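Close look at the chain arrangement
Residue strings, one per chain:
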Amino acid sequence: MEVRVEAVSKIWSVAGAAPITALDTVRHRFPSGRFSCLLGPSGCGKSTLIQIVGGLEAPSTGTISIVDPANGRSAPVGASSIMMWQGLNLFPWRNVIDNVAFGLEVAGISRNERHQRARTMLATVGLNGFDRHLPRQLSGGMRQRVALARALIMERPILLMDEPFAALDAQTKIVMQEELLRIFEATRKTVLFVTHAIDEAILLGDEIVVMTARPGRIKEVIPINLPRPRSFDLVNTPEFGALFQRVFHLIREEVTRAMTEQAA
Amino acid sequence: MTRRRIAGLTLPALSIVGFIALWQLVVELRGIPPIYLPAPSAIAEALSQMALDGTLWINLAVTVLRIFAGFSVAAVCGVALGLLMGRSHIVAQIADPWLAALYPLPKISLIPLMIIWLGTGETYNIAMSAISAFFPIVLSTYAGVQQVDQGLVLAARDLGASARQIQTKVILPAAIPHIFNGLHLGMGVTIILVVAAEMIGGSDQRGMGYLLINAGQVMDTDKVFASLVVMAVIGAVIMKLQRFIDRRAAPWAVNAGASRE
Amino acid sequence: MLLRILSRTLALLLAFHAAAAFANDTVHVGEGPFISGGPYFIARDKGYFSKLGLDVDTRIFMDGALAVPAMVSGELDITLVTMSAGLFNSIAKGAPMLIFLDRGNNRTGRGGSSINVSNTMYAAGVTGPADLAKLKGKKFGITALGSINQYEAALALQKAGLDPRTDVQWVSGASQPDLVKMLGRDLVDAADLAWQFGSYAQDQKLAPLIMDGGSVDKDGQVAAYAVRKDFVTAKRDAAVRFAMAIMYAAREFNAAAGAPADHPDTVALLAKATTQGKVDMLTSFAPHWTATSEDGMPSTDAILRMQDYWVDYFHLASEKLPASQLFDLSIAKEARQRLDRDHPFDH
């Protein structure tokens, strides 16, 4: 599924102050079956953008359309994508299997069937035997897998991810990144992945959409032509290093601008 | 019972037994007249007398039934209104001034008015306790709903939950810890008000409050103390039972904080 | 000259000595806003106490039962006590007090309590003492269990052939004004009230007054004064003087009750202390103000009979005390002697 962002702006009105323009006329076509990374400094509107893509936030101007490239037909906005949240948003009172099966439960699927599918999905993300555990009894990495399983079980064509690995320690992060690469390889969904880690964006993405500091616009789109399937070894290659330099310079001035604006 | 639990009960049990023994000794050795302080032995005798002739069981049963009836009414109405207030801003705005104004009123002061409206039968008694328990329950429920992590609501929406499903599958469970707190406060208040209502308007002549006031009227201090002991024990049992039910109904809520990482 | 100075000095010294010897004693007294306490208010407001060298510090209790704990705690030296199971229980449990002076009896037919029934019951035929049998299974209102009100009501029911322990439902704990309201709303079917409230209920058409409560116990003792034991030990003379003032005032009180129009000052004083100054209300139920005997003697027979009743019949009191543990009548006797001998109020 292709995601077309057409002239989307988002303006927040603030009581007693000037309105804040989070996004300013963003235009982009996220290609179907590709892994697109949104990269930019804090406050540049990347999270807002993917929430708008996911139908969870309304744009102030502009539209989102989801198009099947095979036949040109549109698909509904909210139902075509699924979100994996920065804070994971696992339901703390539900155990692992009931968290994963939540989307199926609200769709009316029977208990036996949804639990069976959930178990399968948990095996896919490498989390076996923790069905009855509560989220608080799991480590950070394990919770990530639960959140991923809960999203993937919905089998929606578009996967939206908002800095999902930001809170993880370095080793777990690597493991999860490789896990995600493997899953992407197997499912070839359209993925929109928000991050502010340059190396992560290069490792995972087919393209990097670099955004400016607020008000958020697309500064540049950098294609990443590294071959798939990928693994973490890529990080040490000269191609990786060159891309890193290029993206770094592009983003540096935006980061500085964001910092001065926040200090002001 | 595990060994640890037995050990954990020993110290409290010892302190109670020790206190009673000390009390008995002081009363006997100092020759304190019973009108100042009855001896535990006299209280125990009054208690066994009440148990043997049946007055204890009948009145206790009546009071306990009233407690559960009043509490149930308050719990159902309080939680329902609290959830509704959380869901509808309009309802919240309408209800808010009334709750703020009526909550601080000591409900005991309403008793004469309630007697005028409702007489002194079961309706009055249950109404008194339900009204008192209603306020902490509704306010805690509303607070619980308001503090629900909106991220969870968004996640549920994203996963396809309808508004009603969000209410029952996200908001309600997320608010449970606060709701339980409110239910605890409500239960404590219920017990107090049931007994108070029995004491003040007890024309139907049953209940622990009735026993208390009657014994008090004729200065039967042994019976007064015995009734108080019974109420204290019952109160403790009910609160412990409530904790137990909490743990069964919502195990994640009772021990929040036992997380790894 | 020297003789004059000496005699003047001697006179001064004698005067100081006399003043020191008769420095006023303070007595803390528990009373209530009831007409039965009339002699006390007369003695206080007309200066009989101070004439005898007593400073009375009055504490008012809406319910006589509340005065007993205050005496036990030492706050009161002398207090009104109504005859009740609670009083017997208190003394049996070691309350350090003795009954020493009459404060209200039925002997002269001036009982100060009435039995009223609801309009519904009146319409159903309960119009006099003989009809009380129709109250079987009904609710009878009293201020407290074991009270003098319940005693009278129980005796009246017995006379009408009922067993007061089982044939009526006793509703207690409400104050007298509340009982009047409850009668008006059929929340109780009958009540034994102070006549003041009984006649009010009748006048307001809330509940007809059907009989004199005191008539069932013609020798009955309604209330008395009790004194703390250690006060008697330390200041017996003050207790005697208290009794003297009360007994002297009782004469005026009884006279005013019989002919209130002839004693307007006394009536006004009494109205101020008991009916918020409403003289008409007070005179409307004269002479049912309860009478206090001028010899200060409570009827010990009646009191012991009551104790038997509460212990043996109703089981509201637990122990039967002998007269020696309940009464000290020597104080009142001495007071009467001194009144007769010294006439301290006729100067």
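Residues numbered from 1 in each chain as written. Chains lettered and ligands numbered in written order. Predicted model: local features only at pLDDT ≥ 70, side-chain atom pairs only at ≥ 80, totals over all residues.

A look at the overall build of chain B
Here is the rule we go by: We count a stretch as a helix when DSSP gives it H or I for four or more residues in a row; a strand needs E for two or more, and each element gets its number in order from the N terminus. By the criterion used throughout, residues are in contact when their C-beta atoms, derived from the backbone, lie within 7 Å.
Looking only at helices and strands, one finds eleven helices and zero strands in chain B. Helices and strands appear in chain B in the N-to-C order α-α-α-α-α-α-α-α-α-α-α. Counting only contacts in chain B whose residues sit at least 6 apart along the sequence, the fraction spanning at least 24 positions is 74%.

Focus: the overall build of chain A
When helices and strands are tallied, chain A shows nine helices and ten strands. Along the first, second and third principal axes, the C-alpha set of chain A runs to 55 × 45 × 45 Å. Taking as baseline every contact in chain A between residues at least 6 positions apart, the subset at least 24 positions apart corresponds to 72%.

Let's talk about the pairing of strand S7 (residues 158-162) of chain A
All names here are of chain A. The cut-off we apply is this: Each residue is classed by its C-beta neighbour count within 10 Å, where at least 20 other C-beta atoms makes it buried, 12 or fewer makes it exposed, and intermediate counts make it partly exposed; the C-beta atoms are placed from backbone geometry. We treat two strands as partners when DSSP finds at least two bridges between them. Handedness of a crossover: with both strands directed away from the viewer, a clockwise path from the first strand across the helix to the second marks it as right-handed.
Counting buried positions along S7 gives five out of five residues, so the element sits mostly inside the fold. For strand S6 (residues 81-84) and S7, the ladder comprises four bridges, and the chain directions are parallel. Each bridged residue has a counterpart across the sheet, and for Met84 the counterpart in S7 is Met161. In terms of strand pairing, S7 meets strand S8 (residues 190-195) through five bridges, oriented parallel. Counterpart to Ile158 in the pairing with S8 is Thr190. Handedness of the crossover joining S7 and S8 through helix H7 (residues 170-187): right-handed.

Overview of the packing of helix H3 (residues 55-87) of chain B against helix H9 (residues 208-217) of chain B
Residues and elements named next belong to chain B. Put simply, the rule is: Note on method: axes are straight lines fitted to C-alpha atoms, helices fitted across the in-contact stretch only, with angles between N-to-C directions ranging 0 to 180 degrees. Each angle receives one of four descriptions, namely roughly parallel if under 35 degrees, roughly antiparallel if over 145, roughly perpendicular if within 65 to 115, and oblique otherwise. Amino acids outside the nonpolar list (Ala, Val, Leu, Ile, Met, Phe, Trp, Tyr, Cys, Pro) and the charged list (Asp, Glu, Lys, Arg) are all regarded as polar, and Gly is one of them.
Viewed as axis vectors pointing N to C, H3 and H9 meet at an angle of 125 degrees, and their least axial separation amounts to 7 Å. One way to sum up the angle between H3 and H9 is to call them oblique. Side by side, H3 and H9 meet where Thr55, Asn59, Leu60 and Thr63 of the first sit next to Met208, Gly209, Tyr210 and Leu211 of the second. Looking at the contact of H3 with H9 residue by residue, the class counts come to four nonpolar, four polar and no charged.

A short note on the interface of chain A and chain B
One frequent convention defines the size of an interface as the accessible area lost when the parts assemble. Tallying the contact residues gives 21 residues for chain A and 18 residues for chain B. When contributions to the side of chain A that touches chain B are tallied by element, the ones reaching two or more residues are S6 and helix H4 (102-106) of chain A. Per element, the largest residue contribution to the side of chain A that touches chain B is three residues, and it comes from H4 of chain A. By residue class, the composition of the side of chain A that touches chain B is 13 nonpolar, seven polar and one charged.

Remarks on the environment of Pro97 of chain B
The residue Pro97 of chain B is located in helix H4 (residues 89-102) in this model. Separated by 145 residues in the primary sequence, Pro97 of chain B and Gln242 of chain B place their C-alpha atoms 31 Å from one another.

Points about the interface of chain C and chain B
On the side of chain B, 16 residues touch chain C, which itself brings 20 residues to the contact. For the side of chain C that touches chain B, the secondary structure elements donating two or more residues are helix H4 (64-72), helix H5 (85-92) and strand S7 (169-171) of chain C. Split into classes, the residues belonging to the side of chain C that touches chain B amount to ten nonpolar, eight polar and two charged.

Topic: helix H6 (residues 122-146) of chain B
Put simply, the rule reads: How far a helix is expected to stretch is found by multiplying one less than its residue total by 1.5 Å.
An ideal rise of 1.5 Å per residue puts 36 Å on 25 residues; H6 of chain B measures up with 35 Å between its terminal C-alpha atoms. In terms of burial, H6 of chain B is largely enclosed, as 20 of its 25 residues are buried.

Details of the nonpolar core
Residue and element names in this part refer to chain C. The criterion, for reference: Residues of type Ala, Val, Leu, Ile, Met, Phe, Trp, Tyr and Cys that are buried and joined through C-beta atoms within 7 Å form what is called a nonpolar core. Residue ranges assigned to the domains are those given by an automatic or database domain assignment.
Core analysis: the biggest nonpolar cluster contains 247 residues, and Ala239 and Ala243 have the highest contact counts within it. Of the domains in this structure, domain 1 (25-107 + 220-342) and domain 2 (113-216) are the two that each give at least three residues to this core. Ignoring anything within four residues of it in the chain, the contact list for Ala239 reads Ile78, Phe100, Val227, Phe231, Val232 and Ile331.

Considering unusual backbone geometry
Residues and elements named next belong to chain A. In this chain, Arg214 is followed by Pro215 through a cis amide linkage whose omega measures 0 degrees. For the bond running from Arg228 to Pro229, omega is 0 degrees, close enough to zero to count as cis. In this structure, Pro229 sits in the loop between strand S10 (218-223) and helix H9 (238-263). Its identity is not glycine, yet Ala7 carries a phi of approximately 50 degrees, on the positive side. Examined against the element boundaries, Ala7 turns out to sit in strand S1 (residues 2-12). On the neighbour-count criterion, Ala7 (12 C-beta atoms within 10 Å) is exposed.

Focus: the sheet that holds strand S5 (residues 113-117) of chain C
Residues and elements named next belong to chain C. Overall, mixed pairing links the five strands, which are arranged S7-S6-S8-S5-S9 in an open sheet. A strand with exactly one partner marks an edge of an open sheet, and here the two such strands are S7 and strand S9 (209-212). When strand polarity is set aside, the average angle formed by the axes of neighbouring strands in this sheet is 25 degrees. Direction of pairing for S5 relative to strand S8 (residues 190-194): antiparallel, over a ladder of five bridges. Paired with Ser114 across the bridge in S8 is Leu193. Contacting S5, strand S6 (139-141), S7 and S8, helix H7 (residues 148-159) runs over the sheet at an angle of about 60 degrees to S5.

Here's the deal with the sheet that holds strand S10 (residues 223-228) of chain C
Sheets are built from strands that pair by backbone hydrogen bonding, the pairs being arranged parallel or antiparallel. Residues and elements named next belong to chain C. Here five strands make up an open sheet; going across it, the order is S2-S1-S3-S10-S4 and the pairing mixed. Only two strands of the sheet have a single neighbouring strand rather than two, namely strand S2 (54-60) and strand S4 (97-102). For this sheet, the mean inter-axis angle between neighbouring strands, taken without regard to orientation, is 30 degrees. In the sheet, S4 pairs with S10 via five bridges, with the strands oriented antiparallel.

A word on the packing of helix H6 (residues 140-152) of chain A against H7 of chain A
Residue and element names in this part refer to chain A. Worth spelling out the cut-off: The hand of a helix crossing depends on one turn: near helix anticlockwise from the far one by less than a right angle means left-handed, and clockwise means right-handed.
H7 packs onto H6 with a crossing angle of 25 degrees between their chain directions and a minimal axis gap of 10 Å. By the angle between their directions, the pair H6 and H7 is classed as roughly parallel. As for how H6 packs across H7, the hand of that crossing is right-handed. Contact residues: Gly140, Gly141 and Gln144 in H6; Thr172, Val175 and Met176 in H7. Split into classes, the residues belonging to the contact of H6 with H7 amount to two nonpolar, four polar and no charged.

Concerning H4 of chain B
Residue and element names in this part refer to chain B. Applicable threshold: We define the bend at each residue as the angle formed by axes fitted to the 7 residues ending at it and the 7 residues starting at it.
Here H4 contains 14 residues, and its C-alpha end-to-end distance of 20 Å stays within 8% of the 20 Å for a straight helix at 1.5 Å per residue. The sharpest bend along H4 reaches about 35 degrees and sits at Ala95, with the proline Pro97 one to four residues further on. The buried fraction of H4 amounts to zero of the 14 residues, a small share that puts the element mostly on the outside.

Topic: the confidence of the model for chain B
Residues and elements named next belong to chain B. To keep things clear, this is the line we draw: Confidence of the predictor at the level of single residues is given by pLDDT, which spans 0 to 100.
When pLDDT is averaged across chain B, the result is 88; 95% of the residues are at 70 or more. For chain B, per-element mean pLDDT is lowest for helix H11 (residues 251-254), which scores 72, and highest for helix H7 (residues 150-158), which scores 95. Below a pLDDT of 50 lies the segment residues 256-261, which in the model reaches eight contacts outside its immediate sequence neighbourhood of four places, other chains included.

Details of the environment of Pro229 of chain A
All names here are of chain A. Note on Pro229: 9 C-beta atoms within 10 Å, which makes it exposed. Each C-alpha atom, one on Pro229 and one on Phe184, is 9.4 Å from the other, the two residues being 45 residues apart in sequence. For Pro229, the contacting residues outside a window of four places in its chain are Leu181 and Glu185.

Examining the environment of Asp167 of chain C
In this fold, Asp167 of chain C is placed in the loop between H7 and S7. Sequence separation of Asp167 of chain C and Ala255 of chain C is 88 residues, and the distance between their C-alpha atoms is 41 Å.

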